[in-house]
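In case you want the letters, here they are:
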Amino acid sequence: MSSSGSWTGGPGTPIGPGGGGGMGGGADDVGGKARLSAVARAMRVGEPDDAEVAWRALQARMLDARRARTRRRLWLALPTFTLAAAGALIVAASLRRQSERAAEQAIEVGRPFESADAEVALALPDGIQVDLDRRSRVRLESVAPEEIRVALSKGSARFDVEPHRPRRVVVNADDVEVRVVGTRFRVTRIEAAAPEDEARIEVAVERGVVEVRERQHAGEPHRLRAGERFSMPAISTGAETGGDRAAGDGDAVSEGAGATKPIGEAPVAPVARLASATRTSSPTEISAAIVTPRRATTAATARALLERAQIAWRAGRMNEAAADYAEVLDRHPADPRAALAAFELGRIQMDQLGDLTAATASFERALHLAPRASFQEDTLARLAQANDRLGQRADCRRARQRYLRDYPNGLHVARVSDLCP
Amino acid sequence: MDGNQAGRERVQLRVIPGGMEPGDRPGGDASVEDADHVLRARAGDNRAREVLFKRHLRMLRHRVYRLLGPDPESEDIVQEAFLRAFSNLPKLIDPQAFGSWLSKIAVHLVNHRLRRRKLLRRLGFAPGADRPEIMETVASGEVSPATVTEARRVYALLDGLPAEARVAFLLRHLEEMTVPEVSAQMGISERTVKRRVALAESRLSPFVEFALKERA
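All figures in this text were calculated on a predicted structure; none of them were measured in a lab.

Calculation notes
Residues numbered from 1 in each chain as written. Chains lettered and ligands numbered in written order. Predicted model: local features only at pLDDT ≥ 70, side-chain atom pairs only at ≥ 80, totals over all residues. Heavy atoms only, no water. Helix = DSSP H or I, 4+ residues; strand = E, 2+ residues; numbered from the N terminus. Disulfide = S-S within 2.5 Å. Buried < 20%, exposed > 50% of the residue type's maximum accessible area, 1.4 Å probe, protein only. Salt bridge = Lys/Arg side-chain N within 4 Å of Asp/Glu carboxyl O. Pairing = 2+ DSSP bridges. Expected span 1.5 Å × (residues − 1). Arc of directions from axis to C-beta. Contact = heavy atoms within 4.5 Å. Axes fitted to C-alpha atoms, helices over the stretch in contact; angles between N-to-C directions. Parallel < 35°, antiparallel > 145°, perpendicular 65-115°, else oblique. Left-handed = near helix turned anticlockwise from the far one by under 90°. Nonpolar A, V, L, I, M, F, W, Y, C, P; charged D, E, K, R; others polar. Phe/Tyr/Trp six-rings, centres within 6.5 Å; stacked < 30°, edge-to-face > 60°. Core = buried A, V, L, I, M, F, W, Y, C linked by side-chain atoms within 4.5 Å.

Chemist: Can you help me understand unusual backbone geometry in this one?
Modeler: Peptide bonds are mostly trans, and most non-glycine residues show a negative phi. Of note in the backbone geometry, Arg135(A) takes a positive phi value of approximately 45° without being a glycine. Looking at the element boundaries, Arg135(A) is found in the loop between β4 (128–132) and β5 (137–144). In this structure, Glu176(B) is a non-glycine residue whose phi angle is positive, near 55°. Along the chain, the position of Glu176(B) falls in the loop between α8 (163–173) and α9 (179–186).

Structure (structure tokens):
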């Protein structure tokens, strides 16, 4: 699910002069002019009480950068291996992932795969996961030692690529080329609703970073980050506009003018045929792509939840962020990051959701889970503050005393000392 | 990346950016303590890095958020600036100047982001900064919605300026830096700073009141 509705699509609403009589409360005395002092007031950055969280995030990034360097070196040291000829099946997905799958099936390189009336999960080489929407069509264009290319020619698919893959992953849709850096994103081909409309290609990034380029203008790629999306008119006409035809039609896949490597058009592989062929594939010959009916959502890992929560937080979707943190506490209470999740949850409850009682419970939980964690200085200060606002003087005093005892030189000493006198 | 370039910068800026309340941040001793931490961080002391990070986080956020206005990437840029500063610490000649050096790296990244934002818009991308609710996420929670709207209006006007003119103007008028300070932060000559600021002023003056002090 991408958060489509919130995107406005165009450049920032240019708000012209005189457009806001009374805007900004008291703007009248400056004749409708906007005041720079409003910026000074509105953009006052408060005390960074998430310094601890921000510091951890930075450390993770430093670590990632270091790991990426090591991995690149390792990869260069590996002897290059030869690949079977075109159309051959490629050794692919990990065995562990394979065992999760009910039915497994190979798709040949170059042969399009189209989903019928159900979503389909595809596993491509290197553990790339593709959730293909209904009536959508992808094709594994090529698998080379340095690069895997996938093309989407109809409908929509979400790609989930773990970072630091040895091979580059490239997804084409019409003239748009998406280079993956390690991320989750969706590519959609929106067919024209009416003959005079044009089809569009849309790329939306959920996590991480991708580079998007137009293949005809081999210029600078543009980096898209989480929450950003990109949309441009398609050059090629749709493979079919109706989309209501059953899968398995023998249409050749239409390709954009700028397609880098047109591969001999194979007929669409019907889902039914794929399914029946399942049992015949030898277990040692792992397929290039594995097809299963979309599985029920598996329990998200604590890390994934925390990551998702951060994305929601940054995008201002506080309820979603809170739900994710709560889920971490629910599902992974023993995880070392659970305490941090409790703290973050409390912070949202206190600042954004205005639920001070829930916030105090979350802060207490954070303290209970990891009493010695470095961010507990902030937790205690906030706990004291929340209890103070709630009028819980005894609880406030307890938190205050503990704060002043444990952090006599802390950042919040002045503020905490003034509470519940 | 201009870490090496930035490394040659020796100008000492005041640590308190304009618009912060007095007493927010210790003054002169801070840079001396910074020097100590910079030396230790250079030697690989992660704890020293942490101290530098926490000490300068607010200053840097303040600067980046105010220069960029509503932009979902502000926090990323703050992080990126620290990341670059830490990996280029050996190039910092005057360890006492860590704060201004860090800020200079951030200003460079902000400039880059602003140019990219313009480019994205021209290409029909949504740079993220255009979503109206973004302003709510970066603005202080303690001011009235009317003030936030007015600030957003100023940023919408600023978006029409070339990136350098916008940054020079905001450093001069919002951060209340002197021209030499702006010149040091942006790595351009004082004459160019003056030209950029003048351009921004002439374009904005019909629509924006520059004075930061409220009228009685």
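There's more to say after this.
Chemist: Help me understand the state of the cysteines in this model?
Modeler: Cysteine pairs can be linked by a disulfide, which is a covalent bond between their two sulfur atoms. Residues and elements named next belong to chain A. Under the definition given, this model contains one disulfide over all chains. In this model, Cys-396 is linked to Cys-420 through a disulfide, with the two sulfur atoms separated by 2.0 Å. Residues Cys-396 and Cys-420 share a disulfide whose torsion about the S-S bond is about -75°; that sign makes it left-handed. Of the two residues, Cys-396 is situated in helix α10 (residues 393–406) and Cys-420 in the segment after α11 (413–417); the sequence distance between them amounts to 24 residues. Accessibility expressed as a relative area gives 0% for Cys-396, which makes it buried.

Chemist: Would you mind going over the pattern of salt bridges with me for this structure?
Modeler: Where charged atoms from two side chains of opposite charge approach closely, those side chains can pair. Residue and element names in this part refer to chain B. Taken as a whole and assessed by the stated rule, the structure comprises 35 salt bridges over all chains. Note that Glu-33 and Arg-55 form a salt bridge whose closest N and O atoms lie 2.5 Å from each other. With Glu-33 in helix α2 (residues 29–42) and Arg-55 in helix α3 (residues 46–68), this residue pair connects regions lying 22 residues apart in the sequence. By relative accessible area, which is 18% here, Arg-55 ends up buried. Three or more residues are tied together by salt bridges with common partners; here these are Asp-71, Glu-73, Arg-113, Arg-116, Arg-117, Arg-121, Asp-159 and Arg-166.

Chemist: Any chance you could explain the pairing of strand β6 (residues 147–161) of chain A here in plain terms?
Modeler: Each regular strand shows side chains that alternate between the opposite faces of the sheet. All names here are of chain A. Of all 15 residues making up β6, 15 are buried, and the element is well covered by its neighbours. Bridge count for β4 against β6 is four bridges, and the pairing is antiparallel. Bridge pairing in β6 places Gln-129 opposite Asp-160. As paired strands, β5 and β6 are joined by seven bridges and run antiparallel to one another. If you follow Leu-140 over to β6, its bridge partner there is Val-150.

Chemist: Help me understand helix α8 (residues 356–369) of chain A, please; the structure alone is not making it clear to me.
Modeler: An α-helical segment advances 3.6 residues per turn. Residues three or four places apart therefore align on the same side. All names here are of chain A. The end-to-end C-alpha distance of α8, which contains 14 residues, comes to 20 Å, matching closely the 20 Å that a straight helix rising 1.5 Å per residue would cover. Restricting attention to buried positions, one finds in α8 the residues Leu-356, Ala-359, Thr-360, Ser-362, Phe-363, Ala-366 and Leu-367. Considered in projection along α8, the buried side chains sweep an arc of 160° and stay on one side of the axis. Exposed and facing more than 90 degrees away from the buried side of α8 are Thr-357 and His-368. The inward-facing, buried residues of α8 abut α7 (338–351), α9 (376–390) and α10.

Chemist: Just to check I follow, could you spell out the packing of α8(B) against α9(B) for this structure?
Modeler: When two helices pack together, their arrangement is given by the angle between the helix axes and the distance between those axes. Residues and elements named next belong to chain B. With their axes 9 Å apart at the nearest point, α8 and α9 run at an angle of 135° to one another. Between α8 and α9, the angle falls in the class oblique. Crossing of α8 over α9 shows right-handed handedness. Packed against α8, whose contacting residues are Glu-164, Val-167, Ala-168, Leu-171 and Arg-172, the element α9 presents Val-179, Val-182, Gln-185 and Met-186 at the interface. A breakdown of the residues in the contact of α8 with α9 according to their chemical character gives six nonpolar, one polar and two charged.

Chemist: Is there a simple way to explain the packing of aromatic side chains in this structure?
Modeler: Remark: the centre distance and the inter-plane angle together describe each pair of aromatic rings, the angle taken between the planes. Under the counting rule described, the total for this entry stands at nine aromatic pairs over all chains. Considering the side-chain rings of Phe169(B) and Phe210(B), the 5.1 Å spacing of their centres and the 70° angle between planes classify their relative orientation as edge-to-face. With Phe169(B) in helix α8 and Phe210(B) in the segment after β1 (208–209), this residue pair connects regions lying 41 residues apart in the sequence. Per residue, the accessibility class of Phe169(B) equals that of Phe210(B), and both read buried. Put simply, the rings of Trp55(A), Phe53(B), Phe82(B), Phe86(B), Phe98(B) and Trp101(B) pair up and form one aromatic cluster.

Chemist: Honestly, the nonpolar core in this entry has me stumped. Any pointers?
Modeler: Soluble globular proteins tend to bury their nonpolar side chains together. Ranked by internal contacts, the top residues of the largest apolar core, which has 73 residues, are Leu36(A), Leu60(B), Phe82(B), Phe86(B) and Phe98(B). Not counting residues within four places of it along the chain, the set of residues in contact with Leu60(B) comprises Val78(B), Ala81(B), Phe82(B), Leu102(B), Ser103(B) and Ala106(B). Counting 41 residues, the second largest nonpolar core, distinct from the first, contains Leu306(A), Leu340(A), Phe343(A) and Leu419(A).

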